[in-house]
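Coordinates in review
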Amino acid sequence: MKTPKTWFITGASRGFGLEITKAVLATGDQVVATVRNKASELAAQFDNHPNLLVVTLDVTREEQAKEAAQAAIERFGKIDILLNNAGYGLLSAVEEATAQEVRDNYEANVFGTLNVTRAVLPFMRERRSGHVINVSSVGGLSGYVGWGIYGSTKFAIEGITEALALELAPLGIHATVVAPGFFRTDFLDHSSLTRTSNVIADYDDTVGAMRAFATEANKKQPGDPKKLAQALIRLGNAENPPVHLPLGTDTLERFRAKTAAFEKEIEAWYDVITGTNHDDVAIPSNSFNQYRRYGNALLRQGISLFLNSHSSQKPMPYKTLDAKTIDLLRDLPELIPVIRDSFEEWTIRTFNREQHECRNYLSPNRRDFYKILLVTSGAGIFSMGLNTYYIDEPTILFIHPNDIISWKNLSSERENNLSAGYYSLFKKSFIQNHPQLKATIDKFGLFSEKTKSVVRLAGADVAVLTRFFARMQEEELLGDAFNEEAMSAYLQLLMVESVRIAHYPKPDNVSEEYGHIHRFFDLLEKETAHINITTPIRIKTAKEFAENLSIHPNHLNALLKKHTGQNVSTHIRNRLLEETKVLLVQTEWPLQDISYSVGFAEQPNFNLFFKKNTGLTPAEFRRNYRAS
């Protein structure tokens, strides 16, 4: 049975504070919930829960903060997590806000946070353990009309938390600043949002429009407070929590827009920015930062220079990265690309498994794609070839294009054990275009040597690998601003970090049924592996596949129907369609040649087959694809 943690939550009477208090108590942890008044009412709302202590606290009064912290220690003996949530919004043009309104907002949002933090930190320092979580806002990441004063208080919280994280890390204490976007709470109500009484008509088109928006958007915000509460619990339980945690798609969008605008300004004013040093201060020629002026489009060359700077030996061209270099590289902000090259056809994609339902599947991994799969939570049975792994702890898997894979999801929403993590798909052509990546793949053999393809992870490992995947997804989502050089670097970091961990579990043998099915798919892939104009493919019949597998054709059909929902003929047909679509899109071959290559002696029969299964003729499919 786990030892319950003690949360100290300010502003717990409503909104985020109330939802988080409910969620934390439901996990069995303890909560010290602070309110400005009516403490008994909040306690009664929770039926005087034995794991709940409600205390009265006006965060602007430092003595009260000390008394509240002491009461928490006397009741529960410790404070594991401090959640500075108390505060309120101020909707006003910067000029409209009076000096007193500005001071009051800072008293609650900034000085109140500092008062409580100073009261709690001595107890955390004494135990050399703890986590300070400060609630900021999307307005703390990017300024906007009507929120200048309020946003500035949250900008302050962002900076304070960044400094705290650095100061507290040697003491075993974490600090995180959480920046929620618009969530469906009472934040836009009069109870939480102050509107200045001084209104200047010149700001009607900007701040006035924001006031109207705030009224209209109230109770229609996109964010779900209950899901935010679960995110905070996950953050509180993280072994290696981030310093920054933006929450909500609106926050992420605003942050990306600001970052892009920042980088454009830096690029435009680079010479001015870097031209203010004394003449005797030069920018080091081997500095990673030198390549930021080119937007890290030369990321690979930057890594090579970095290797030169930290190694007594000059690296060979396309030298792979070792574990020591990873330790130096992985926290460098320069790994985040600035200006990115465009692309037309995607060659690499990264997905969050929580945002894409993790269904059961059994299929080839498709020979064009390499796949890296990170499982951070949940449980399932993963089969690769004739090996099976029961996965119930964090794991990273490296899947070769020729591997036949299957996944049986054992996670359940009821057990709050949903499968989570990331996966990345990248084409062979992507590897060929990035020789340093190819050298890393060849050197470590994670995809080719099956004894190394599955790596178990510890908590600290998960945090590092998750950060790489998250950065890859952010990069990929930029669309036309995408940088392949950066993605290549992240893939190398994933591989080298996995080799450093080197915890390879022993597999079990795949079941007899799955063995037959995996071998069927392997045969089907080999049948379609070498399509060319001169030698058409000749797909085996269901009977011939069954003979190769030494089982009866009816048994093979039954197994495929049971595990995939499709029989042998359907899988053959779908495979032919896939190969046909690839040829139509990626080649300039005449339709007659494509028809012959996929096994049709007569083009009319090929046209009928394709239209029956897709609703379009091959010519229409090719024309529509190119038009789109």
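Attention here is on the structure that accompanies the text.

1. Things to note about a negative patch on the surface
- A surface patch of negative charge is lined by Glu95, Asp202, Asp204 and Asp205.
- Tracing the chain through its elements places Asp205 in helix 6 (residues 204–217).
- For Asp205, a relative accessible area of 71% gives the class exposed.

2. Here's the deal with the sheet that holds strand 2 (residues 30–35)
- Spatially, 3-2-1-4-6-7-9 is the arrangement adopted by the seven strands of the open sheet, whose pairing is parallel. Of all the strands in the sheet, the pair left with one neighbour each is strand 3 (52–56) and strand 9 (244–247). Within the sheet, the average angular offset between the axes of one strand and its neighbour, ignoring direction, is 15°.
- When strand 6 (residues 130–135) meets strand 7 (residues 173–180), the two strands line up parallel, connected through six bridges. Each bridged residue has a counterpart across the sheet, and for Gly130 the counterpart in strand 7 is Ile173.
- Sitting on the sheet, helix 3 (residues 62–76) touches strand 1 (6–9), strand 2 and strand 3, and the angle it makes with strand 3 is about 160°.
- Packing of helix 5 (residues 148–168) onto the sheet brings it into contact with strand 6, strand 7 and strand 9, and relative to strand 7 it is tilted by some 160°.

3. Concerning the sheet that holds strand 15 (residues 395–399)
- The sheet built from five strands is open, its strands ordered 10-17-12-15-18 with antiparallel pairing. The sheet terminates laterally at strand 10 (348–352) and strand 18 (454–456), the two strands that pair on one side only. The average angle at which neighbouring strand axes cross in this sheet is 10°, direction not considered.
- Inspection of the sheet shows strand 15 paired to strand 18 by three bridges, in the antiparallel sense. For Ile396, the partnering residue across the bridge sits in strand 18 and is Val455.
- Here helix 14 (residues 459–476) sits on the sheet and contacts strand 10, strand 12 (369–377), strand 15 and strand 17 (420–427); the angle it forms with strand 10, its principal contact strand, is near 120°.

4. A word on the side chain of Ser136
- Relative to the assigned elements, Ser136 resides in the loop between strand 6 and helix 5.
- On the basis of relative accessibility, which here comes to 4%, the residue Ser136 falls in the buried class.
- A distance of 3.5 Å separates a polar atom in the side chain of Ser136 from the backbone oxygen of Lys154.
- Side-chain polar atoms of Ser136 contact the side chain of Glu158, separated by 2.9 Å.
- Contacts of Ser136, omitting those with residues within four sequence positions, involve Lys154, Ile157, Glu158, Val177, Val178, Ala179 and Pro180.

5. Thoughts on the pairing of strand 12
- Within strand 12, eight of the nine residues are buried, which leaves it mostly tucked inside the rest of the structure.
- Inspection of the sheet shows strand 12 paired to strand 17 by eight bridges, in the antiparallel sense. The partner of Leu374 across the bridge, within strand 17, is Tyr422.
- Relative to strand 15, strand 12 runs antiparallel, the two being bridged by five bridges. Among the inter-strand pairings, Lys371 is bridged to a residue of strand 15, identified as Ile399.

6. Looking at the pattern of salt bridges
- By the definition in use, this model includes ten salt bridges.
- For Glu19, the salt bridge goes to Lys226, with nearest N and O atoms at 3.7 Å. A residue pair is termed long-range when its members are at least 10 positions apart, and Glu19 in helix 1 (residues 15–26) and Lys226 in helix 7 (residues 225–237) qualify at 207 residues.
- A salt bridge links Asp461 to Arg500, with the nearest nitrogen and oxygen atoms 3.5 Å apart. Of this pair, Asp461 sits in helix 14 while Arg500 sits in helix 15 (residues 484–501), placing them 39 residues apart in sequence.
- Each member of the salt-bridge network shares a partner with another, and the members are Lys78, Asp80 and Arg127.

Cut-off values and rules
- Residues numbered from 1 in each chain as written.
- Predicted model: local features only at pLDDT ≥ 70, side-chain atom pairs only at ≥ 80, totals over all residues.
- Heavy atoms only, no water.
- Patch = residues over 30% accessible without salt bridge, like charges linked within 9 Å, V, L, I, M, F, W, Y side chains within 5 Å.
- Areas by Shrake-Rupley, 256 points an atom, 1.4 Å probe, with all protein chains shown as cover.
- Salt bridge = Lys/Arg side-chain N within 4 Å of Asp/Glu carboxyl O.
- Lys, Arg positive; Asp, Glu negative; His and termini not counted.
- Charge placed at Lys NZ, Arg CZ, Asp CG, Glu CD.
- Helix = DSSP H or I, 4+ residues; strand = E, 2+ residues; numbered from the N terminus.
- Buried < 20%, exposed > 50% of the residue type's maximum accessible area, 1.4 Å probe, protein only.
- Pairing = 2+ DSSP bridges.
- Axes fitted to C-alpha atoms, helices over the stretch in contact; angles between N-to-C directions.
- Contact = heavy atoms within 4.5 Å.
- Polar contact = N/O pair within 3.5 Å; in protein donor to acceptor, adjacent residues only side chain to side chain.

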